[in-house]
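Chains, contacts and geometry: an overview
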Amino acid sequence: MSFSAFLGTHVSLFLIIIINGIGECTLLHYADSRSNPLSLEKNVGRLPKDFQCHHMLKHLHNGARITVQMPPNIEGHWVSTSCEVRPGPEFITRLYKFYNNHTFKAYQFYYKDNHCTTPTYTLVIRGKLRLRQASWIIRGGTEADYQLHRIQIICHSELVAKEMSQRLNRSCRGVVGGGVSWEPNVSFDLWNEDMGCDCSRALNFAMHELQLMRVEKQYLHHNLDHLVEELFLGDIHTEPAQRMYYRPSSYQAALQNAKNHDHTCIACRIIYRSDEHHPPILPPKADLTIGLHGQWVSQRCEVRPEVLFLTRHFVFHDKNNTWEGNYYHYSDPICKHPTFTIYAKGRYSRGVHSNKVMGGTEFVFKVNHMRVTPMDVATASLLNVFNGNECGQEGSWQVGVEQDVTHTNGCVALGIRLPHTEYELFRMEKDARGRYLLYNGQRPSDGSSPDRPEKRATSFQTPLCQCSSTSQGSERGSHEIDRALRINSGSDTNCHIHWGTLSVLTMVYLLLFLS
């Protein structure tokens, strides 16, 4: 939730140092969770069987279900799994085709509504892509270079064609000859190798998402006949005007391979059969009323900009409008190596329908209580470096030992100040299995916090899944998870005490000196 990002700005460098300090023990083992003694899944399995939320987190940490291709094989057709919301907001579906000669053809279908039932225009992008090396910023990702050959636009109504031609002719004169409006369902070039200017800039268009990618494979429900392949491409800057200057440091919602997709994905089949003259029209749905109650957990190991890997567990008490959040941070993209956990709680306002983001509901969240637990030697050492009582008791941090930092008004070492207020955006929907999903606002790409109404998000993060309709037992459950993590962290102590820890401390002292 809101709170996890306000960590993002200041924790990013903190986590880069920790990750670099883990040394050879950070080599990724995706296919077999038994190879890693730090598996949370083994210890969470000891929890009572009625803890459905922790049961879901346990399976989330079962690395045997996911394999990652390095380097990724992206050849094939990849499709959106639903109507996506980009910052702005923009409502979009995607169909990307990658060929064995390194060329690609990408369709971006844009819509008037948040359920992608009314297409407005389509962009067709052609170019060439070359995979490079594994990303040194985002573990588990692969960097790539791309070159665009042609960008075309096709409008799907007379009104959109007229508005688009006027808009582009103001910022890119000559693209529409003689001031004549475009016609619907006719292709027009925004850019090609022979044009003197790039008119796609008027739409804040960029394909920098191709600079970072990751392919995951998993067999759903342990069924070897049901392979699902997902392609994660780089994230889009939350400020549209900054897109063309931004290099991705996280991921968008995953695309699925058209041949190996979840069989329950209706949108996948519709989008796969589409083209620029027949844009996909998804089945209409009613917006669900947001009900912030019960418990919600991550569905996957989540990635945040600037090297943040985490899972989340939220509890909402709708009777008194209070909330609790458990944030389990890791050093690796499959959430096997815990670095620190945070427990936070506070209050939230009643929701108000958003006038800016169709289908969204606006909330105000306040954080007034926080506890921190370092889960490895490097993190505990870093916390002990900082002077003064501005993050718990000075010099007292130990691996696996939780401290309440409310009385020190947060934790300066993590860049967190209490009390804290954030202006949030939520939406809710049901998936094909009938489960409730909860989306909250995407974090600002510049690492800042949405601490003012004008900084409220216009797009969403990876959704959480409702694991319980009741909030009872939440505090006890979070302590059980922390205990399991502490046991695992202790079993891995020898792994973290080596040259990497020394380099961590050296880096920290150098940074403090330079600051």
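Just above, that's the structure.
What you are looking at is a predicted structure, and each value in this text was computed from that prediction instead of being measured.

**Things to note about the pairing of strand E22 (residues 420-430)**
Most of E22 is tucked away: nine of the 11 residues are buried. Sheet topology places strand E18 (residues 361-374) next to E22; seven bridges connect them, and they run antiparallel. In the sheet register, Phe-365 faces E22, and the bridge partner there is Glu-422. When E22 meets strand E23 (residues 436-440), the two strands line up antiparallel, connected through five bridges. What sits directly across from Arg-427, in E23, is Tyr-439. Between the antiparallel neighbours E22 and E23 lie five residues, among them Gly-434 with a positive phi of about 85 degrees.

**Side note on the pattern of salt bridges**
Scanning all chains against the criterion turns up 21 salt bridges. Salt-bridge contacts for Lys-217 lead to Glu-229; the nearest nitrogen and oxygen are separated by 3.6 Å. Placement of Lys-217 in strand E9 (residues 212-219) and of Glu-229 in strand E10 (residues 227-233) is noted, with a sequence separation of 12 residues between them. Residue classification places Glu-229 among the buried positions, given a relative accessible area of 8%. When salt bridges that share partners are traced, they join Glu-84, Arg-86, Arg-94 and Glu-209 into one network.

**Side note on the nonpolar core**
In this structure, Leu-282 and Phe-309 are the most contacted members of the largest nonpolar core, which totals 40 residues. Counting residues in each nonpolar core, the second largest holds 36 residues, with Ala-106, Tyr-121, Leu-190 and Met-213 among its members.

**As for the packing of aromatic side chains**
Evaluated as defined, the whole model comprises 18 aromatic pairs. Here Phe-98 and Phe-104 contribute two aromatic rings whose centre-to-centre distance is 6.2 Å and whose plane-to-plane angle is 45 degrees, an arrangement assigned as tilted. An identical accessibility class is assigned to Phe-98 and Phe-104; each is buried. Seen in terms of ring centroids, Phe-314 and Trp-323 are 6.5 Å apart; in terms of plane orientation they differ by 80 degrees. Their pairing is edge-to-face. Taking relative accessible area as the criterion, Phe-314 reaches 1% and is therefore assigned buried. Here the aromatic cluster, defined as three or more aromatic residues joined through ring pairs, consists of Phe-314, Phe-316, Trp-323, Tyr-327, Tyr-348, Phe-363, Phe-365 and Phe-426. For Arg-94, the ring lying beneath its charged end belongs to Tyr-96, and the centroid distance is 5.6 Å. Note that Arg-427 overlies the ring of Tyr-439, its terminal NZ or CZ placed 3.8 Å from the centroid.

**Points about the state of the cysteines**
For the coordinates displayed, the defined rule picks out five disulfides. There is a disulfide in this structure between Cys-53 and Cys-467, and the S-S distance comes to 2.0 Å. Taking the sign of the S-S torsion, 90 degrees for the link of Cys-53 and Cys-467, the bridge is right-handed. Taken together, the positions of Cys-53 in helix H4 (residues 52-60) and Cys-467 in strand E24 (residues 464-468) put the pair 414 residues apart, joining distant regions of the chain. Under the relative-accessibility criterion, Cys-467 is labelled buried at 10%. Cys-465 takes part in no disulfide bond, and the closest cysteine sulfur to it belongs to Cys-467, at a distance of 7.3 Å.

**Some remarks on the side chain of His-317**
On the secondary structure map, His-317 appears in strand E14 (residues 308-317). Of the polar contacts made by the side chain of His-317, one reaches the side chain of Glu-324; its length is 2.6 Å.

Cut-offs applied
Residues numbered from 1 in each chain as written. Predicted model: local features only at pLDDT ≥ 70, side-chain atom pairs only at ≥ 80, totals over all residues. Heavy atoms only, no water. Buried < 20%, exposed > 50% of the residue type's maximum accessible area, 1.4 Å probe, protein only. Helix = DSSP H or I, 4+ residues; strand = E, 2+ residues; numbered from the N terminus. Pairing = 2+ DSSP bridges. Salt bridge = Lys/Arg side-chain N within 4 Å of Asp/Glu carboxyl O. Core = buried A, V, L, I, M, F, W, Y, C linked by side-chain atoms within 4.5 Å. Phe/Tyr/Trp six-rings, centres within 6.5 Å; stacked < 30°, edge-to-face > 60°. Lys NZ or Arg CZ within 6 Å of the ring centre and 35° of its normal. Disulfide = S-S within 2.5 Å. Polar contact = N/O pair within 3.5 Å; in protein donor to acceptor, adjacent residues only side chain to side chain.

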